[in-house]
Amino acid sequence: MNRSIISKSLLIALPMLALGACSSNSDVDAESAEKNATQAVEQVVDDVQTNTIEAIELTAEEQLAQLYTDAILKTTIRFEFDKSLIMPDYAMILDAHAKYLVNNTDKTITIEGHADELGTPEYNIALGERRALAVSTYLENMGVAASQITVVSYGEEKPVNLGHTKMARIENRRAELVY
Amino acid sequence: MFIRFIMTLVLVTACSSASARLEILITEGINSARPIAVVPFKWLGQGKKPQNFSEIIAADLQRSGKFNPLSINNMPKTPSNSAEVDYAAWTKLGIEAIVMGEVKPDTKPGNYIVTFELLDVLTGNVNMADYNPIMDKRRNTVATNQLRQYAHRISDIVYEKLTGERGAFLTRIAYIAVDRKSSHPYQLRISDYDGEGEKLVLRSKQPIMSPSWSPDGRKLAYVSFENRRSQIYIQDLYTQKRELMTSFPKINGSPTWSPDGTQLALVLSKDGQPEIYTFNILTKSLQRLTKNRVIDTEPSWAPDGKSIIFSSERGGRAQIYQVSLTTGKTKRITWEGEINLGGTITPDGDNLVLVSRHNGNYMIAVQDLDSGELRTLTKTQLDESPSIAPNGSMIIYSTVYQGKQGLALVSMDGRFKANIPSNNGDVKSPAWSPFLQ
């Protein structure tokens, strides 16, 4: 992320100014006091030297999580059998994605709608689209521009769980948010 | 033998043979079938006989669900022409008809002369001059690579003579295979109706759906997600040429060919909900047939081409409706069952084959269109995508069998059942070809 690159360079640049003519090989400077002893006499900053350590950086995802809560790291919205209603459990996830998309209008998202294996493949394409559209409508209601959203339904063609159990079906009824 | 397409490298068609081979395993319905004998054809040449005709013919007749061929071990004799037949011995076994024949090399290398006879055992046993037991007798010159097809041709002739209905043994099945170990997991394949001669005609990294045969058996329409969206294509099976038909925003789905081959019925959701349209293949003009706020999908043409049936949730849960292309009037045609989907009218126009949900199980069912009576034909839970043989005798559909999605057959009367398990990934969305000869 741009922000982290800028802040990282600031962290390095400021102490560098303080160190003045110090070698750019700053990692070893603190240990090579002997080598620097003669030079130090000539320096304005008399006997004291400072150095940096690496800042503990958050990953891009972690920084996003700080901004939008952990909810943005979740990209799967599940649905009840034969239903396309967004369940309250998923509001926070969608709110986080909506906030991110509103703040980053250059970003686009694809919402993939999926269904379980019950019902015919053609019907499930329609059902998958209804789910993807329910997510799309939610995001648009939160202020995301329609132009940032693409919707595609894969029906029952791309299950995440290849089993034929009730649990498999629960996992397969879903919408996926893909950036 | 790959062809590269300009649009995308994701996708290749191939005419190479795929590794899987489908095999039909009969599970129900042999006892009620008519006893018949298919005697091993006599090989009059040198060395190994070029093709086992009687095996192919007996398997065809058995898989029709209408005949129960006698095992070779139980045959009193193995005659190869009608002059040698002792009818009394076959009558004693209750055999109705005998198929027999001879194969000899033609003077032209690589060709064979195949003769066969179909005999009516009862007439033969009566032995009266006015009654000829020979129901059919033919002699043909057949090339080596045509021998298997010719065996199916004999099956067609025997079947038609004995049932009065045209045989469908010279037909093919198109279906989708999903081989998750492959670099291109989604595969459109075609095999002979009996699973032999499987060919891969398209493979993709993204799903392929809804294959539908053109009435001349030369092309397939299907849905492909190769560009990460649904699009409808037509592919010529002889030239491999593909043509993009529709690529509207959102759903482009469920193409089915009109009986005259000029139009597709299909589903588009570009204007909101999934709606049924007809699409002229030549002019690309669209005509919208449905308009409401719920799902309409799965269009299928009536055999006369004058109406289209489809699934709709306009009455609450999904049921099957019929819209007239002349008046535009729509009527509901299914009433039994929690949900009814995926309807097709049989070639004779008398029945509707569909997926019907009862107690949460999705089963193949048939409804008499006059009386409205609905009979479920299968007892499994996840049956879908029924496709009817062109002679209306049999339905192929997809089901879950031993934890895998595979194909299965059921006769129109529900008595005969067979599984076609896949030995390599999932197989689904079968589409039975029209008559090909």
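Residues numbered from 1 in each chain as written. Chains lettered and ligands numbered in written order. Predicted model: local features only at pLDDT ≥ 70, side-chain atom pairs only at ≥ 80, totals over all residues.

1. A word on the overall build of chain A
Put simply, the test is: Counting from the N terminus, the helices are the DSSP runs of H or I reaching at least four residues and the strands are the DSSP runs of E reaching at least two. Our exposure labels follow a C-beta count within 10 Å of each residue's own C-beta, placed from the backbone: buried means 20 or more other C-beta atoms, exposed means 12 or fewer, and partly exposed covers the counts in between.
From N to C terminus, chain A includes seven helices and four strands. Here chain A holds 179 residues, and 30% of them are scored as buried.

2. Topic: the overall build of chain B
This is how it is decided: The reference for a compact globule is 2.2 Å times residues^0.38; the radius of gyration itself is calculated from the C-alpha atoms.
A tally of regular secondary structure across chain B gives four helices and 33 strands. For chain B, whose C-alpha radius of gyration is 24 Å, the value lies close to the compact-globule estimate of 22 Å for 437 residues. Overall, chain B is about 70 × 50 × 40 Å in size when its C-alpha atoms are taken along their principal axes. Burial statistics for chain B: of 437 residues in total, 46% are counted as buried.

3. Re the interface of chain B and chain A
Let me state the cut-off plainly: Here, residue contact means that the backbone-derived C-beta atoms of the two residues sit within 7 Å. By the convention adopted, Pro, Cys, Tyr, Trp, Phe, Met, Ile, Leu, Val and Ala count as nonpolar, Lys, Arg, Asp and Glu as charged, and the other residues, Gly among them, as polar.
Listed as interface residues are 27 residues of chain B and, on the opposing side, 17 residues of chain A. Of all the elements in the fold, those that place two or more residues in the side of chain B that touches chain A are β13 (208-213), β17 (252-257), β21 (296-301), β25 (339-345) and β29 (384-388) of chain B. Classifying every residue of the side of chain B that touches chain A by side-chain character gives 12 nonpolar, 10 polar and five charged.

4. Topic: the environment of Thr137 of chain A
All names here are of chain A. You can see Thr137 is positioned in helix α6 (residues 121-141). Its 14 C-beta neighbours within 10 Å are what place Thr137 among the partly exposed residues. Along the backbone, Thr137 and Ile149 are 12 residues apart, and their C-alpha atoms lie at a distance of 9.9 Å.

5. Here's the deal with the sheet that holds strand β26 (residues 351-358) of chain B
Residue and element names in this part refer to chain B. To keep things clear, this is the line we draw: When DSSP finds two or more bridges between a pair of strands, those strands are recorded as paired. Here an angle of 0 to 180 degrees is reported between the N-to-C directions of two axes, which are lines fitted to C-alpha atoms, with helices fitted over the stretch in contact.
If you walk across this open sheet you meet the four strands as β25-β26-β27-β28, and the pairing is antiparallel. Where the open sheet ends on each side, the last strands, each with one partner, are β25 and β28 (374-376). Adjacent strand axes in the sheet meet at a mean angle of 30° when their direction is disregarded. Pairing of strand β27 (residues 361-368) with β28 involves three bridges; the strand directions are antiparallel. Its bridge partner being in β28, Gln367 is matched across the sheet by Leu374.

6. A word on the packing of helix α1 (residues 53-63) of chain B against helix α4 (residues 147-163) of chain B
Residues and elements named next belong to chain B. The condition is simple: Geometric relationships in this document are graded by angle, where less than 35 degrees denotes roughly parallel, more than 145 denotes roughly antiparallel, 65 to 115 denotes roughly perpendicular, and other angles denote oblique. Left-handed describes a crossing in which the near helix is turned anticlockwise from the far one by less than a right angle; the clockwise case is right-handed.
For the pair α1 and α4, interaxial distance at closest approach is 9 Å and the crossing angle is 45°. One element, α1, and the other, α4, form an angle in the oblique class. The handedness of the crossing between α1 and α4 comes out as right-handed. For the pair α1 and α4, the contacting residues are Phe53, Ile56, Ile57, Asp60 and Leu61 in the first and Arg148, Ala151, His152, Ile154, Ser155, Val158 and Tyr159 in the second. For the contact of α1 with α4, a count of residues per class yields eight nonpolar, two polar and two charged.

7. Looking at the pairing of strand β10 (residues 172-178) of chain B
Residues and elements named next belong to chain B. The element β10 is largely enclosed, with a buried count of seven among its seven residues. Where β10 meets strand β11 (residues 186-192), seven bridges bridge the pair, whose relative direction is antiparallel. Paired with Ala177 across the bridge in β11 is Gln187. Relative to strand β33 (residues 426-432), β10 runs antiparallel, the two being bridged by five bridges.

8. Re helix α4 (residues 60-68) of chain A
Of all nine residues in α4 of chain A, zero are buried, a share of ten percent or less. Directly after α4 of chain A, the chain includes Thr69 of chain A, whose backbone phi takes a positive value near 70°.

9. Some points on the sheet that holds β17 of chain B
All names here are of chain B. Pairing is antiparallel across the open sheet formed by four strands, whose spatial order is β17-β18-β19-β20. Pairing within the sheet leaves two strands with one partner each, and these edge strands are β17 and β20 (286-288). Averaged over neighbouring strand pairs, the angle between their axes works out to 25° when direction is ignored. Pairing of strand β19 (residues 275-280) with β20, which is carried by three bridges, proceeds in the antiparallel orientation. Counterpart to Thr278 in the pairing with β20 is Gln287.

10. Section: unusual backbone geometry
Residues and elements named next belong to chain B. A positive phi angle, near 60°, is found at Glu298, a position not held by glycine. Along the chain, Glu298 turns up in strand β21. For Ser429, which is not glycine, the phi dihedral falls at a positive 50°. Structurally, Ser429 can be placed in strand β33.

11. A word on the confidence of the model for chain A
Worth spelling out the cut-off: Known as pLDDT, the predictor's confidence for each residue is given on a scale from 0 to 100.
Summing up the model confidence of chain A, the mean pLDDT is 79 and the portion of residues at 70 or higher is 75%. Confidence drops under a pLDDT of 50 for residues 1-41 of chain A, and excluding neighbours within four residues, the segment shows 23 contacts in the predicted structure.

12. Considerations on helix α5 (residues 91-103) of chain A
Residue and element names in this part refer to chain A. To keep things clear, this is the line we draw: To estimate how far a helix should reach, multiply one less than its number of residues by 1.5 Å.
In a regular helix each residue adds 1.5 Å, so 13 residues correspond to 18 Å; α5 covers 18 Å between its end C-alpha atoms and thus fits that length. For α5, the set of buried residues is Ile93, Leu94, Ala96, His97, Ala98 and Leu101. Buried residues along α5 sit in contact with α4, β1 (76-78), β2 (109-114), α6 and β4 (174-178).

13. A few points about the confidence of the model for chain B
Residues and elements named next belong to chain B. Of all residues in chain B, 95% have pLDDT values of 70 or greater, and the mean over the chain is 91. This stretch, residues 1-19, has a pLDDT under 50; its non-local contacts, to residues over four places away or in other chains, come to 29 contacts. For this predicted complex, the interface score ipTM comes out at 0.88, alongside a pTM of 0.84.

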